Every structure is written in structure tokens, then in C-alpha cells.
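Below, each chain spelled out in residue letters.
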Amino acid sequence: MRRTSFFLPTLRENPAEAQIVSHRLMLRAGMVRQASAGIYSWLPLGYRVLQRIENIIREEQNAVGCLEMLMPTIQSADLWRESGRFDGYGREMLRIKDRHDRDLLYGPTNEEQITEIFRDAISSYRDLPRVLYQIQWKFRDEVRPRFGVMRGREFLMKDAYSFDLNYQSAKRSYNLMFMSYLRTFGRMGLKAIPMRADTGPIGGDLSHEFIILAETGESEVFYDKNFLTFETPFIGDLNETALEECFSKWTHPYAATKELHDPNKNEELGSNILSARGIEVGHIFYFGKKYSLAMGATVTGPEGNKVILEMGSYGIGVSRLVGAIIEASHDEFGIIWPDTIAPFSVGLINVAVSNNDCDRECENIYIKLRDAGIETLYDDRNERAGGKFAEMDLIGLPWQIIVGPKGLKDGKVELKRRCTGEHLELSIENALTRISST
Ligand code: P5A
């Protein structure tokens, strides 16, 4: 992408309304614009990041056998009356009336909708287990939308729903998703700590939040420092025992908790326990028969008997992750994207546009990167180099190639790694090899 053809409305000044660094940087880097309180438009740079995150989630969900689908954002209130949640959900639910005066709502989550679909489509235990998921916008009329996309009113969620014949199988589905989440966040360069959690309006009796550590996190958390050395599990052995082992390792009694308010208990836990602030990027629930019982979702079991389905639901805050990753990875100059999330891998800076050598070599590098399938933002604007450097640091692409007349005299360009600040003078060939080998 040429910078002269791109849409990247960056801001020089810090926007006054942004209280936390990710919100400030997302506005300054031209990633999002607020449409109204807690509702955002995603501009091209931000949308690329959102799609990167979606794709990692999608690959990891598919890898453990989940099936992608898409449900509408607008749901009928009657569906929620069946489960008994219509009145209970409270003012966070955006209620709508259509022209026939029928009650609709903008979905804050989809347990009811998927239960209805599954109930009407599946009648035999032979079609179990199944996990269905979507990546779809949700609306929750939060009392205090804040921190940009981190606590929005409209936000993108990956929501998955599991259907099993019995508890044992449902627990396997839960463990599988648990393991898959560790991998998913790991691929984004994040260390997510699973934490026993309340089930809130979703319900049920087993639930874990996945928390990443960041100073600006909304909740205080306590965790065993050994956690940070745990390795991300491999997919491979997905049998029940292997999954339960992974689950137990990551959930030992004092591993991580939000409820350590008693200082005596803290002592009891010893010096391994650290306190920090965290951001919830995922939340999984096992709620058994809560919705299937209320909505009559059953199958015929192996003995010809009627069995009420066992269910769970599994969420990831896709749009929240964009902010969370920035909270976890930035410096005073701007964002530092992990390689897997970056909107472009390389920022190519032409220091002297309209110098023939610089223009020619930049074109040459740009084409070589394109042919190698490496996504590049080429800053071909006829502007001061200082401004270009500052913008490249702000938008946080993992690599910068800086092409100037001086270096080119010796056949060299400058290669900068954003996350370490390391600068190297290299030949064009060596610079390209270095980039392709990460
Ligand atoms: C699980 C999937 C659910 O809704 N039903 C379907 C279950 N869980 S949850 O914890 O309420 O939400 C899942 C994740 O969505 C993110 N999230 C938000 N992101 C941005 N702004 C918000 N207002 C918001 N609310 C929830 C969180 O990452 C949460 O873990």
C-alpha cells in the first residue's frame, strides 16, 4: 500500500477525551473514530488489525473442530421470553420496536438464538457433540462506556456454543475450548491467565475469565508467578485425559484469583503470589441445562430416551483485544504490534522523494516485498523525514526500511526493528532476508 493512496488520518496531538494509552494511540494512529458514546467506526488501519485478530481466532476455533456460522444482530424478544432472560437482563439490553409494534432487541449475546436453531435441527445423540461459533457485533448499553473499544456499547465478539449429551462430554468441550484459548492468545503475543469467575447473567456453575496483565486493567488480580513460565499447550492430543491434565495444570487452587482481599490469606499463599491489574479478553461458561431445559432442547439418547442437552458458551472480546494488545505493547513513541497482529509487516520510508536513486530503490524494494507476500506500507509522500519517522513509530509496524541517498551510495539501507529499536545498516538483499526469516 502506498501511503499517498491510503486513508490514514493520524493526529499529532493527544485527544483530550482519551484516558488510557490504547485509546489515545488508536485515535492518534487513525485506527478508529468515535461515532457516538461507546460506538466506533473502524478505519482501514484499525480494520486490518481487527481482521488479523479475527483470523487467528478463526484458525484456532476451526483447529479444534468448531464450526463457523453467522447469526443476526437483531433478535426477537419472544426468544428471550422463552429462556426467562428478557426481563432479567436489565437495562444493558437495547430494546427495539418494529413497525408492527413487535419487541426486538439488539443481541448482547446469542445463547437463546443458537439453542432455538439447534433444538429445531438436531434430534439424535448421533449428531453430538457439536460446537458452533460466530464472530459478530453485539450491543450492550453499558452504564459507563469508556476506554475506547475496551468497554464499548457496540463491540465485536467471538461467541461459541457447545452441545453435548452428558456432563463428561460437556466438560471435555469446556476443557478443549480452555486449551484452545491459551493457544489463541499466545499467538497474539499475549500471556492470558485463566481465572475462576462469576457467571453473571449468562449463568451456570463453572466459568473462567482469561485475563491479560496491564496496568490499566479494570480489575485487580492475584496470580502465581510460576504462571508466566507456563508454555502454551500444543494441539495434538485432544483426548479427555490430556485435556483434563492441561486444565488442572492451569487451574490449580491458588493459580489466579480476583478474590484475595484478605491480607492473611495473602500471607498464607506466600511470596509466589503477585498482584496486578488485568483486562478480561475472554470468558467461558459451562451452564449445563439452563437454556436447553427452559427452551425444550432435547435429543433422543442411545437407549431411545429423551435427553436434555448439556451446553456451554465461550466468548472472546475481538474488538477489545485491539485495545488490550496495545495496552500490553507500546512505548512513548507509539504502538508496537506483535508480528502476528500488525496491519502491515513493513513500513518503507523514502527519506528523499524525487531523488532518483531513492525513488528507484524504494520501488524495487516495494515490488520485491510484494512478490514475497510481505505486506508493506510505503511512505512515498513528499514530506519531511522527521514526520515520517514519527508516524511510522506511532503506527507500530514491526519493521522499518529507511532508504536515504547517503546509505544508497554504499548500496545500504537502514533496517529498524520496532520492538527493540535495533537499527542496522544492511544491503537491500540482507535487509529483505532478515525480514523474511521472522
Ligand atoms: C460467552 C459467549 C458472554 O457473553 N455468551 C456468548 C458469553 N460472555 S461475556 O463475558 O459477557 O462476553 C465475552 C467477552 O466479550 C468481551 N466484552 C466486551 N468487549 C468490549 N466492550 C464491552 N462492553 C464488552 N463486554 C464484553 C469481553 O472480552 C468478554 O470476555
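Before reading on, note that the structure itself is shown above.
The rules we used
Numbers given to residues run from 1 along each chain, matching the order in which its sequence is written. Predicted model: local features are reported for residues with pLDDT of at least 70 only, side-chain atom pairs are reported and counted for 80 or more only, and whole-chain, interface and lining totals are derived from all residues. Think of the side-chain values as coming from all heavy atoms in the structure, minus any hydrogens and water. Strand pairing follows a simple DSSP-based rule, namely that at least 2 bridges must link the two strands. Every helix listed is a DSSP run of H or I at least four residues long, and every strand listed is a run of E at least two residues long, numbered separately from the N terminus. Here an angle of 0 to 180 degrees is reported between the N-to-C directions of two axes, which are lines fitted to C-alpha atoms, with helices fitted over the stretch in contact. Working definition: with a 1.4 Å probe on protein chains only, accessible area under 20% of the residue-type maximum means buried, over 50% means exposed, and in between means partly exposed. Contact criterion: two residues are considered in contact whenever any of their non-hydrogen atoms come within 4.5 Å of each other. Each direction from the helix axis to a C-beta atom contributes to the arc, which is the arc of those directions. Only protein atoms enter the 1 Å grid, on which a cavity is a set of points fitting a 1.4 Å probe that cannot get out and a pocket is an open set with protein on both sides within 12 Å along at least 5 of 7 lines, lining residues being those with an atom within 4 Å of a point. Grid points are joined across faces, edges and corners, and a volume is the space filled by probe spheres set on the points. In this count, Pro and Cys sit with the nonpolar residues alongside Ala, Val, Leu, Ile, Met, Phe, Trp and Tyr, while Asp, Glu, Lys and Arg are called charged and the others, Gly among them, polar. Residue types Ala, Val, Leu, Ile, Met, Phe, Trp, Tyr and Cys, when buried and joined through side-chain atoms within 4.5 Å, form a set referred to as a nonpolar core. Think of it this way: a Phe, Tyr or Trp ring, Trp meaning its six-membered ring, pairs with another when their centres are within 6.5 Å, and the plane angle makes it stacked under 30 degrees, edge-to-face over 60, tilted otherwise. Two conditions define a charge located above a ring, namely a distance within 6 Å from the ring centre to NZ of Lys or CZ of Arg, and an angle within 35 degrees of the ring normal. A side-chain nitrogen of Lys or Arg and a carboxyl oxygen of Asp or Glu constitute a salt bridge if their distance falls within 4 Å.

*Asks:* Please explain the sheet that holds strand β22 (residues 412-417) as it appears in this structure.
*Replies:* One key point about sheets: their strands pair by backbone hydrogen bonds, in either a parallel or an antiparallel sense. If you walk across this open sheet you meet the five strands as β20-β19-β21-β22-β23, and the pairing is mixed. One side of each edge strand has no neighbouring strand; the edge strands of this open sheet are β20 (376-379) and β23 (423-427). Looking at each pair of strands side by side, their axes are set apart by 25° on average, direction ignored. Pairing of strand β21 (residues 399-403) with β22, which is carried by four bridges, proceeds in the antiparallel orientation.

*Asks:* Looking at this structure, how should I read the environment of G152?
*Replies:* You can see G152 is positioned in the loop between β7 (130-139) and β8 (154-164). Judged by its relative accessible area of 5%, G152 falls in the buried class. Spatially, the C-alpha atoms of G152 and G38 are 4.1 Å apart, while their sequence positions differ by 114 residues. Contacts of G152, omitting those with residues within four sequence positions, involve G38, R140 and E142.

*Asks:* What is the right way to look at the sheet that holds strand β6 (residues 103-106) in this model?
*Replies:* Here we have three strands laid out as an open sheet, ordered β4-β6-β5, and antiparallel in their pairing. Pairing within the sheet leaves two strands with one partner each, and these edge strands are β4 (74-76) and β5 (94-97). Neighbour-to-neighbour, the strand axes of this sheet turn through a mean angle of 40°, independent of strand direction.

*Asks:* Even after reading the chapter, I still don't get helix α7 (residues 240-250), so can you show me in this structure?
*Replies:* Because an α-helix packs 3.6 residues into every turn, residues spaced three or four apart end up facing the same way. Looking at α7, one finds that the buried residues are L243, C246, F247 and W250. Looking straight down α7, one finds that the buried residues subtend no more than 100° of arc, so they occupy a single side. Residues of α7 that are exposed and angled more than 90 degrees away from the buried face: T241 and E245. On its buried face, α7 sits against α6 (167-187), β9 (192-196) and β10 (206-213).

*Asks:* Looking at this model, I keep getting lost on empty space enclosed by the protein. Mind explaining?
*Replies:* Take a probe with the size of a water molecule and roll it over the atoms, and the empty space left behind shows itself. With the rule as written, the count across this model stands at one cavity of 30 Å³ or more. Computed from the structure, the largest cavity encloses a volume of approximately 50 Å³. At the level of secondary structure, the elements contributing two or more residues to the lining of the largest cavity comprise β2 (39-42) and β8. Across the lining of the largest cavity, the residue classes break down as five nonpolar, four polar and one charged.

*Asks:* How should the nonpolar core be read in this particular structure?
*Replies:* Across soluble globular proteins, nonpolar side chains show a tendency to be buried alongside one another. By size, the foremost hydrophobic cluster in this structure holds 81 residues, and its most contacted members are M31, I53, F185, M188 and W337. The element best represented in this core is α6, accounting for nine residues. When near neighbours in sequence (up to four residues on either side) are disregarded, M188 contacts I53, I56, I57, L321, I325, P338, T340 and I341. Membership of the second largest hydrophobic core comes to 21 residues, among which are L369, V403, L408 and L415.

*Asks:* Explain the packing of aromatic side chains here, please?
*Replies:* To describe a pair of aromatic rings, one takes the distance between the centres and the angle between the planes. For the structure on display, the rule yields 15 aromatic pairs. When the ring of Y167 is compared with that of Y286, the centres are 5.5 Å apart and the planes differ by 75°; the resulting orientation is edge-to-face. Note that Y167 is positioned in helix α6 and Y286 in strand β13 (residues 273-288), a separation of 119 residues in sequence. Residues Y174 and Y314 carry aromatic rings whose centres are separated by 6.3 Å and whose planes lie at 55° to one another, so their mutual orientation is tilted. On the criterion of sequence distance, the pair formed by Y174 in helix α6 and Y314 in strand β16 (residues 310-317) is long-range, its members being 140 residues apart. Comparing Y174 with Y314 shows no difference in burial state: the two are buried. Cluster of aromatic residues (ring-pair linked, three or more members): Y174, F178, Y181, F185, F210, F247 and Y314. It is R95 that lies over the ring of F86; its NZ or CZ is 4.6 Å from the centre. Positioned over the ring face of F247 is K171, at 3.8 Å from the centre of the ring.

*Asks:* Quick question: what am I supposed to make of the pattern of salt bridges here?
*Replies:* If the charged atoms of two oppositely charged side chains come close together, the side chains can form a pair. Scanning the model with the defined rule gives 36 salt bridges in all. One salt bridge connects R102 with D98, and the closest N-O pair in it is separated by 3.5 Å. Residue R102 is classed as exposed on the basis of its relative accessible area, which comes to 51%. Note that K289 and E310 form a salt bridge whose closest N and O atoms lie 3.0 Å from each other. Of this pair, K289 sits in the loop between β13 and α9 (290-295) while E310 is found in strand β16, placing the two residues 21 residues apart along the sequence. Through salt bridges that share partners, R3, D379, R381, E383 and E391 make up one connected network.

*Asks:* What is the right way to read unusual backbone geometry from this model?
*Replies:* Most peptide bonds take the trans configuration, and most residues that are not glycine carry a negative phi. Backbone torsion omega between L128 and P129 reads -10°, so that peptide bond is classified as cis. Tracing the backbone through its elements, the reader meets P129 in the loop between α5 (111-121) and β7. Of note in the backbone geometry, D101 takes a positive phi value of approximately 70° without being a glycine. Topologically, D101 is positioned in the loop between β5 and β6. For D101, a relative accessible area of 53% gives the class exposed. Look at S354: it is not a glycine, yet its phi comes out positive at around 80°. Note that S354 resides in the loop between β19 (346-350) and α11 (356-371).

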